[in-house]
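Remarks on the overall topology
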Amino acid sequence: MNAAPSALREMVKTNARELFRDGKTAFFTVLFPLLFLAMFLGLGTLSAGGSYRIAVVDSAEQQAVVSSLMQVDGFHAETWTGTQPLSAGDLGGYDAVVAVSGGQARVVVDASRFGALKGLRSALADSGFDSSRTDFRTPDGGVPFDPLKAALPTGLLMALMSTAFFGTATPLIAMRARGTLRLLGTTPLGRLTFIVAQAPVRLALVVVQLVILATVAVVMDFMSFADTLRLTGTGLLGAVMLFAFGYLMAARLRNAEVVNGLLGLLMPVLLFFSGLFLPLSMLPSLVATVSDMLPTTYLVDAFNHDLNAAASVHSLTTDWLVLIAATVVFGGLAARLFRWDQGEAR
Amino acid sequence: MQSGICDSIVASLGDLSKHYGSRKALNAVSFDIRKGEVFGLLGPNGAGKTTLLECLTGLRRPTSGSVQVLGHDPGSRAPELRRLMAVQPQEAALFPQLSVRETVDLWASFYGNHDPVDEVLERVGLAGEASQRVKALSGGQARRLLLAVTVIGRPRLLVLDEPAAGLDPQAKERLWDVIRKQREDGGTVLLTTHDMNEAAELCDRVAVLVDGRIAACDTPARLVSELASTSTVTFTTPAGTDLGPLHALPGVTVVEVAREADGRRTVQLRTTDGDLTLRRIAADDQLAAADLQVSRGGLDTVFRSLATGGPGRREEAPIRKEEKE
């Protein structure tokens, strides 16, 4: 009689309404990761003050770079005409030494003086050396710790995990506990339609999170605008993989409180074993072995290609292939194991 | 002939059993539900009613026996069957952040052919709450919304698990109207209830399930006439009157003093012949009986009797089996 609106479209609208009208879910999926990021950015900004002596090695761009550095509060830039200290690991009493050659800027900075990084990055960008043309190192050849830069992959992964776990798995399990799934299971609504309908609003949310994070990264000169497309690709692949894992968690369980507790524990463990808190090279070999088996490690590695290239270990192709394979495995298992109700006959 | 009978049978259970470990929740249950009837499933708590509904709706697989609903095995979860049958479970929360109208719109979208949303909201008495969020509804309103999403798709078989629980008398009347309309439109209803008045009012046939077995299955009127044939005669008499002769009256099985106050006793007799007993008491000058009343047993008497393992377990099955053969 009536023109029936599409079940998929109505389910998509329902998911959006349930997600955004519920303050608790909206907080954990949207605001919490952004607050986390803002906290790191605040810490990074606080550590940015102080007085720094910076040497700029002789080159055609030397004067332009010195001029840019002198614009930064607390920076005292000088030209350096002596033997390059870069390979010797000796900064000759300076906090940082900048060498420009072949269109690339190489910066060696005292590991304990990471507060200078933000100003250095900004001044070099003003001189025409954006993030793709600069390489920051410590005197021993390592990557200097940058709280701002470290916060971006962490914030991004937390945002994706929150959306996948607290914004997908938890509401589904709560629906099973309340009998909503059981009721839906008696209607003509198909399993696949129901599961697919969860995706659009959550992927839209991920895109918003990626745009915010990418904007911060570009504004802070952590990455070039051209690289944002690749970061978005990584983010979407990672989000789909984490959603598949969220569906897998929600396939059978029916106690949302227990699952929330488990996920609350799982998130920091995954972040730790994925090398976000400490570089994997600093951790025992057993941890590295476990880390190699986690798809989130490859997601972090893929983020690092755009946000912290020096810290990446695998090729981007390897990272993406692992993410796709994990999505297929988690998604396949979730589709096979999903039940409307625990006692459902198959 | 046989084809016509098969067409008229909407659901058929044959020796259906469901065991949970050593516990037999259902034990060789057999009955048919006919097209266009309201079929009531009665039974005390734990009798197996919900398990039976779960087997019938495909949410559980039986241990043995067969179930056919509208020509399908419910266990196969055929999409066609889910279009033709709607289930209102005893308890189920809908989406708390949606409004009443959004909820019914959502359920309407599952069906190609459905009733107008406004008409259904009017029918269940929620037209005034259409824009209210589900989480703000009272318990009774939430149950009416459950009923709305159950009937929106014009199901041929409507399965209602204790639909009147928690409803006020006015809402219960509306529920009954919805059930009657389903029958008028040619649909079939299977409902479970603890309300014998509701069962007597609505059901064309009832089955009483006790300890996982069908204790009786027939029309309410026939069950009452066959299993609740006793009447209760109540009267008052001066305190101290000798009640001994009452035991000798024909058909009287029980004599009780229900109350004693202000020098008078209220006496209740159970009898198989209420009219005769009433006449004898009225004619007995020594009793000086006043306030005479007689009441016949109802479906609740049948239910209590069967639930406590009382007289006359019976099934209507033989007639039906002959028809099918």
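This structure is a prediction, so every number in the text was calculated from the model and none was measured.

This part covers the overall build of chain A. Secondary structure summary: chain A contains 12 helices and 5 strands in total. Looking at chain A residue by residue over its 346 residues, the buried ones come to 44%. Intrachain contacts of chain A at a sequence separation of at least 6 include 73% that bridge at least 24 residues.

Along its length, chain B carries 12 helices and 14 strands. In terms of principal-axis extent, the alpha carbons of chain B reach across some 75 × 50 × 40 Å. Counting the 325 residues in chain B, one finds 42% classified as buried. Partitioning the contacts of chain B with sequence separation of at least 6, the portion at a separation of at least 24 is 68%.

Let's shift gears to the environment of Gly93 of chain A. Looking at where Gly93 of chain A falls in the secondary structure, it is placed in the loop between strand E2 (75-80) and strand E3 (96-101). Note: C-alpha distance between Gly93 of chain A and His314 of chain A (221 residues apart in sequence) is 35 Å.

Attention now moves to the interface of chain B and chain A. Contacts between the two partners involve 31 residues from chain B and, on the opposite side, 25 residues from chain A. Contributions of two or more residues to the side of chain B that touches chain A are made by helix H3 (79-84) and helix H4 (100-108) of chain B. No other element matches the 5 residues that H4 of chain B contributes to the side of chain B that touches chain A. Split into classes, the residues belonging to the side of chain B that touches chain A amount to 15 nonpolar, 8 polar and 8 charged.

Moving on to the packing of helix H5 (residues 117-124) of chain B against helix H6 (residues 139-151) of chain B. Helix-helix packing is described using two parameters, namely the angle between the two axes and the distance between the axes. Residue and element names in this part refer to chain B. At a closest axis distance of 9 Å, the pairing of H5 and H6 adopts a crossing angle of 140°. Compared by their axis directions, H5 and H6 come out oblique. Our pair here, H5 against H6, has a crossing hand that is right-handed. For the pair H5 and H6, contact is made by Val120, Leu121 and Val124 and by Arg144, Leu147, Ala148 and Val151, respectively. Across the contact of H5 with H6, the residue classes tally to 6 nonpolar, no polar and 1 charged.

With that settled, the discussion passes to the pairing of strand E5 (residues 85-88) of chain B. Side chains on a regular strand alternate between the two faces of the sheet. All names here are of chain B. Side-chain alternation along E5 places Met85 and Val87 on one buried face and Ala86 and Gln88 on a second face that is also buried. Two elements, E5 and strand E6 (residues 157-161), share 4 bridges in a ladder whose sense is parallel. Among the inter-strand pairings, Ala86 is bridged to a residue of E6, identified as Leu158.

Turning next to the environment of Leu321 of chain A. By secondary structure assignment, the location of Leu321 of chain A is in helix H12 (residues 316-337). Of the residues examined, Leu321 of chain A has 14 C-beta atoms within 10 Å and is grouped as partly exposed.

Looking now at the sheet that holds strand E10 (residues 231-238) of chain B. All names here are of chain B. Across the sheet, 4 strands lie side by side as E11-E12-E10-E13; this open sheet has antiparallel pairing. The strands lining the two open edges of the sheet, one partner per strand, are strand E11 (252-261) and strand E13 (290-296). On average, each strand axis in the sheet is tilted by 20° relative to the strand beside it, whichever way the strands run. Bridging between E10 and E13 involves 5 bridges; their strand directions are antiparallel. Considered in E13, the bridge of Thr236 is made with Ala290.

Of all hydrophobic cores here, the largest spans 141 residues; its most connected members are Val104, Ala148, Val208 and Leu209 of chain B. Top contributing element to this core by residue count: helix H5 (residues 147-177) of chain A, with 16 residues. With 30 residues, the next largest nonpolar core counts Val56, Val57, Ala77 and Val108 of chain A among its residues.

The subject of this paragraph is the confidence of the model for chain A. Residue and element names in this part refer to chain A. Per-residue confidence for chain A averages 82 on the pLDDT scale, and 88% of its residues sit at or above 70. Confidence scores differ between elements of chain A, with helix H2 (residues 23-46) showing the lowest mean pLDDT of 71 and H12 the highest of 93. Note that pLDDT drops below 50 for residues 1-5; the model gives that stretch 10 contacts with residues more than four away or on any other chain.

All names here are of chain B. One can describe the packing of H4 onto H6 by two numbers: an axis separation of 8 Å at closest approach and a directional angle of 25°. Compared by their axis directions, H4 and H6 come out roughly parallel. Between H4 and H6 lies a crossing of right-handed hand. Two secondary-structure elements touch here, H4 through Val100, Thr103, Val104 and Trp107 and H6 through Leu145, Ala148 and Val149. Grouping the constituent residues of the contact of H4 with H6 by class yields 6 nonpolar, 1 polar and no charged.

Below, the discussion takes up the sheet that holds strand E4 (residues 64-69) of chain B. Residues and elements named next belong to chain B. One open sheet holds the 3 strands; their spatial order is E2-E1-E4, and the pairing between them is antiparallel. One side of each edge strand has no neighbouring strand; the edge strands of this open sheet are strand E2 (23-34) and E4. Mean inter-strand twist for the sheet, computed between neighbouring axes without regard to direction, equals 15°. Inspection of the sheet shows strand E1 (residues 9-20) paired to E2 by 8 bridges, in the antiparallel sense. Among the inter-strand pairings, His19 is bridged to a residue of E2, identified as Lys24.

Parsing chain A into structural domains produces domain 1 (7-41 + 147-337) and domain 2 (54-137). Put simply, the middle of domain 1 of chain A and the middle of domain 2 of chain A, counted by C-alpha atoms, are 37 Å apart.

All right, on to helix H4 (residues 117-126) of chain A then. Here H4 of chain A lies mainly inside the structure; 7 of its 10 residues are buried. Here H4 of chain A has its buried residues at Leu117, Lys118, Gly119, Leu120, Arg121, Ala123 and Leu124 of chain A.

Turning our attention to the pairing of strand E3 (residues 38-42) of chain B. Residue and element names in this part refer to chain B. Across the 5 residues of E3, 5 count as buried, placing the element largely inside the fold. Alternating positions in E3 separate into two faces, Val38, Gly40 and Leu42 on one and Phe39 and Leu41 on the other, with burial throughout. Where E3 lies against strand E8 (residues 205-210), 4 bridges are found, and the strand directions are parallel. When the sheet's bridge partners are listed, Leu41 is paired in E8 with Ala207.

This part covers unusual backbone geometry. Residue and element names in this part refer to chain B. For Asp211, which is not glycine, the phi torsion reads 50° and is therefore positive. One can find Asp211 in the loop between E8 and strand E9 (213-218). You can call Asp211 partly exposed: it has 16 C-beta atoms within 10 Å.

About the cut-offs
Residues numbered from 1 in each chain as written. Chains lettered and ligands numbered in written order. Predicted model: local features only at pLDDT ≥ 70, side-chain atom pairs only at ≥ 80, totals over all residues. Helix = DSSP H or I, 4+ residues; strand = E, 2+ residues; numbered from the N terminus. Buried ≥ 20, exposed ≤ 12 C-beta atoms within 10 Å, placed from the backbone. Contact = placed C-beta atoms within 7 Å. Nonpolar A, V, L, I, M, F, W, Y, C, P; charged D, E, K, R; others polar. Axes fitted to C-alpha atoms, helices over the stretch in contact; angles between N-to-C directions. Parallel < 35°, antiparallel > 145°, perpendicular 65-115°, else oblique. Left-handed = near helix turned anticlockwise from the far one by under 90°. Pairing = 2+ DSSP bridges. Core = buried A, V, L, I, M, F, W, Y, C linked by C-beta atoms within 7 Å. pLDDT = per-residue confidence, 0-100. Domains from an automatic or database assignment.

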